[in-house]
Every structure is written in C-alpha cells, then in structure tokens.
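Here's the letter readout for the chains.
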Amino acid sequence: MSTATSAPPMIKASGVNKFFGDLHVLKEIDFEVPAGQVVVVLGPSGSGKSTLCRAINRLEPINSGEIQVDGKPLPAEGKALAALRADVGMVFQQFNLFAHKTILDNVTLAPQKVRKVSAGDARKTAMELLERVGIANQAQKYPAQLSGGQQQRAAIARALAMRPKVMLFDEPTSALDPEMVQEVLDTMTSLADEGMTMLVVTHEMGFARRAAHRVVFMSDGEIVEDSTPDDFFTAPKSERAKDFLGKIL
Ligand code: ADP
Ligand code: MG
C-alpha cells in the first residue's frame with residue numbers, strides 16, 4: 001500500500017460531528033484515507049454515509065471537528081472552495097449530468113471554467129477519458145440518449161476531467177439496472193488499479209472484497225469498524241456489523 005509516512009493522508013477527519021436539527025448524524029468521526037487507498041464505506045440506510053461524503057467536499061457544513069483534504073482544512077467559501085471541489089471528484093447515485101448539454105460538453109465545461117484549461121485541451125482530455133470509460137462514441141449525444149451505465153461512466157469521466165486528487169462515490173450503482181452495474185464497477189476497479197485515492201459508499205460486496213484496501217462500517221452516525229475487507233467479511237467484531245452482514249450476504 002502506498003502510505004509514505006511523510007505525506008499527509010489524502011482525507012483526514014478528526015472528531016467530526018454533524019447535526020440535522022436534533023438529529024446527531026455524524027458522531028465523533030475519526031478516520032483517514034492515505035493517498036492511493038481505496039476505502040469502502042458500508043452501513044445500513046440512514047447511518048450517515050452520504051452525509052460523510054458530502055461533508056468531505058463541503059456540500060454539508062459540519063458542526064464541530066475538522067476535515068482535511070491533502071493536509072489542508074476545508075475552505076469555507078470562494079475560490080478556495082471551488083478549488084477543493086475540483087480536487088475532490090464526486091459521483092452520486094443519480095448521475096447529475098447536464099441534460100441539455102452533450103456528453104462531451106458535460107466533460108469539458110468545468111475544466112475550462114474552474115481549471116482555466118483551453119477549449120482544445122479540455123476536448124482532448126475529455127475524449128481520452130471518454131475512451132477510457134468506453135463511451136467515446138457517445139460524445140455527441142445527450143444524456144437521455146445513453147443507458148444508465150453509460151451515463152454513470154460519463155459522470156465518472158466528468159469528475160476525472162478535473163484531475164481530482166481523490167474520488168468520492170456515493171452508491172454509484174444503486175440506481176442502475178442490474179445488467180449495467182458491472183460496467184461501472186469495472187471502470188471504478190481500473191481507476192483503483194491506477195492508484196486513485198477513492199472513498200466508495202456501496203452495497204456491492206464483490207467490489208468491496210476485490211478493490212478495497214479497507215472497509216469502514218458505519219452505524220447510527222458512528223464508525224463501528226475500520227478493518228481490512230478480509231477481517232470485516234470473515235470476522236466482523238461488532239454485533240451491528242454481524243447483523244448488517246447477515247442481512248445483505
Ligand atoms: P446514509 O447515506 O447512510 O443512508 P445519510 O447520510 O443520508 O445516511 O443520512 C443520515 C441521517 O441524516 C438519516 O437519518 C437522514 O434521514 C438524515 N438526513 C440526511 N440528510 C438530511 C437533511 N438534509 N435534513 C435532515 N435530515 C437529514
Ligand atoms: Mg446515502
């Protein structure tokens with residue numbers, strides 16, 4: 001594992017608490033993702049997984065504690081926040097592509113606007129990325145003309161076009177028809193193999209077993225277990241993890 005001792009972790013959360021009104025949804029969250037690691041976050045619905053992802057690129061402000069990305073605390077606003085969002089790619093369950101733009105435009109817009117990449121360079125990079133995710137031949141189409149799996153791969157290409165330092169995936173295959181799940185997981189696996197730092201919320205246990213360096217298990221706003229996939233799946237320590245695995249495996 002690529003965990004050079006001198007480099008700061010790519011993501012570091014310390015004592016993070018988050019409330020929605022009276023609801024305490026993240027409780028003293030401490031965890032780190034070293035550069036190059038793939039961490040899969042598992043846990044029942046409502047345990048805080050999405051809120052944690054959203055907190056990491058500051059789509060949700062936190063109430064206390066600190067989150068750092070690549071050694072720097074999250075900026076609150078302005079250009080620094082835009083730069084953070086460019087460094088932290090995010091892929092959601094719903095693909096969130098711009099419906100009225102072509103796939104190519106979806107991938108080229110933000111790099112030009114945020115990273116100030118020239119139109120020519122943005123296009124070149126976009127076509128390389130679309131090639132890499134296997135949909136270069138769909139570049140001139142609109143999102144609605146693509147299958148769900150193709151749209152999600154376009155969303156991954158769009159995030160990668162910003163040259164992010166880390167990628168967050170929040171249930172990227174949950175909205176897909178079953179026959180399209182594997183093509184998206186394959187894209188994610190190849191990203192992992194290339195050394196991308198990834199935090200992945202998923203219920204795809206095959207992906208967790210094959211691609212994850214670590215599994216973080218959340219329940220009721222807490223990190224209950226943080227272990228290797230092997231240990232988590234074969235010898236979960238907590239009753240909550242055993243109960244969860246009993247329901248999904
Ligand atoms: P998960 O992704 O693990 O299913 P979430 O992070 O989406 O969990 O939600 C954690 C808890 O916070 C749930 O109880 C959910 O209902 C609540 N919650 C999430 N977003 C909001 C919000 N914007 N306002 C109020 N409650 C929310
Ligand atoms: Mg969620």
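All of these numbers come straight from a predicted model, not from anything done at the bench.

### Some details on the nonpolar core
Turning to step 1, where the next piece is worked out: In terms of nonpolar packing, the biggest core is built from 49 residues, with Leu42, Leu130, Ile156, Met167, Phe169, Met188 and Met198 touching the most fellow members.
Turning to step 2, where the next piece is worked out: Here the element with the most residues in this core is helix 6 (residues 178–193); it accounts for seven residues.
Turning to step 3, where the next piece is worked out: Apart from the residues lying within four places of it in its own chain, the contact partners of methionine 188 are Ile156, Phe169, Pro172, Met198, Val200 and Phe207.
Turning to step 4, where the next piece is worked out: Counting residues in each nonpolar core, the second largest holds 27 residues, with Ile11, Leu26, Phe31 and Val88 among its members.

### Overview of the site of ligand 1
Turning to step 1, where the next piece is worked out: Taken together, Phe20, Leu23, Val25, Pro44, Ser45, Gly46, Ser47, Gly48, Lys49, Ser50 and Thr51 form the complete shell of residues around ligand 1.
Turning to step 2, where the next piece is worked out: Threonine 51 is positioned with one of its side-chain polar atoms (N or O) 2.5 Å from an oxygen atom of ligand 1.
Turning to step 3, where the next piece is worked out: Look at ligand 1: alone it shows 560 Å² of surface, and the protein chains cover 59% of it.
Turning to step 4, where the next piece is worked out: Put simply, the parts of the chain that give the shell around ligand 1 at least two residues each are strand 2 (23–33) and helix 1 (49–56).
Turning to step 5, where the next piece is worked out: With three residues, helix 1 is the largest single contributor of residues to the shell around ligand 1.
Turning to step 6, where the next piece is worked out: Here the residues of the shell around ligand 1 sort into four nonpolar, six polar and one charged.

### Some points on the sheet that holds strand 10 (residues 222–227)
Turning to step 1, where the next piece is worked out: Read from one edge of the open sheet, six strands run 6-7-8-3-9-10, paired in mixed fashion. Of all strands in the sheet, those bounded by a partner on one side alone are strand 6 (88–91) and strand 10. Averaged over all neighbouring strand pairs, the angle between strand axes comes to 20°, with direction disregarded.
Turning to step 2, where the next piece is worked out: As paired strands, strand 7 (residues 166–170) and strand 8 (residues 197–201) are joined by five bridges and run parallel to one another. Of the residues in strand 8, the one forming a bridge with aspartate 170 is valine 201.
Turning to step 3, where the next piece is worked out: Packed onto the sheet, helix 6 meets strand 3 (38–42), strand 7 and strand 8 and runs at close to 150° relative to strand 8.

### Structural notes on the UniProt feature "domain: ABC transporter" (unreviewed entry) in the protein
Turning to step 1, where the next piece is worked out: The sites that carry the UniProt feature "domain: ABC transporter" (unreviewed entry) are, in the present numbering, residues 11–245.
Turning to step 2, where the next piece is worked out: Overall, residues 11–245 shows 39% helix and 26% strand. The separation of its end C-alpha atoms is 26 Å.

### Re the layout of surface pockets
Turning to step 1, where the next piece is worked out: Counted as a void, the largest pocket has a volume near 600 Å³.
Turning to step 2, where the next piece is worked out: Lining the largest pocket are 22 residues, and of these Arg85, Phe98, Ala110, Arg158 and Met162 lie nearest its centre.
Turning to step 3, where the next piece is worked out: Put simply, the parts of the chain that give the lining of the largest pocket at least two residues each are helix 2 (78–87), strand 6, helix 3 (103–113) and helix 5 (148–160).
Turning to step 4, where the next piece is worked out: Along the lines of polarity and charge, the residues of the lining of the largest pocket split into 15 nonpolar, four polar and three charged.
Turning to step 5, where the next piece is worked out: As for the second largest pocket, its lining consists of Val69, Asp70, Lys72, Pro73, Pro75, Ala80, Ala83, Leu84, Asp87 and Lys165.
Turning to step 6, where the next piece is worked out: Looking at which element gives the most residues to the lining of the second largest pocket, the answer is helix 2, with four residues.
Turning to step 7, where the next piece is worked out: By residue class, the composition of the lining of the second largest pocket is six nonpolar, no polar and four charged.

What counts as what
- Residues numbered from 1 in each chain as written.
- Chains lettered and ligands numbered in written order.
- Predicted model: local features only at pLDDT ≥ 70, side-chain atom pairs only at ≥ 80, totals over all residues.
- Heavy atoms only, no water.
- Core = buried A, V, L, I, M, F, W, Y, C linked by side-chain atoms within 4.5 Å.
- Buried < 20%, exposed > 50% of the residue type's maximum accessible area, 1.4 Å probe, protein only.
- Helix = DSSP H or I, 4+ residues; strand = E, 2+ residues; numbered from the N terminus.
- Contact = heavy atoms within 4.5 Å.
- Near = heavy atom within 4 Å.
- Polar contact = N/O pair within 3.5 Å; in protein donor to acceptor, adjacent residues only side chain to side chain.
- Areas by Shrake-Rupley, 256 points an atom, 1.4 Å probe, with all protein chains shown as cover.
- Nonpolar A, V, L, I, M, F, W, Y, C, P; charged D, E, K, R; others polar.
- Pairing = 2+ DSSP bridges.
- Axes fitted to C-alpha atoms, helices over the stretch in contact; angles between N-to-C directions.
- UniProt positions renumbered as here; feature names shortened; annotations may be inferred.
- 1 Å grid on protein atoms, 1.4 Å probe; cavity = no way out; pocket = protein on both sides within 12 Å on 5 of 7 lines; lining within 4 Å.
- Points joined across faces, edges and corners; volume = space filled by probe spheres on them.

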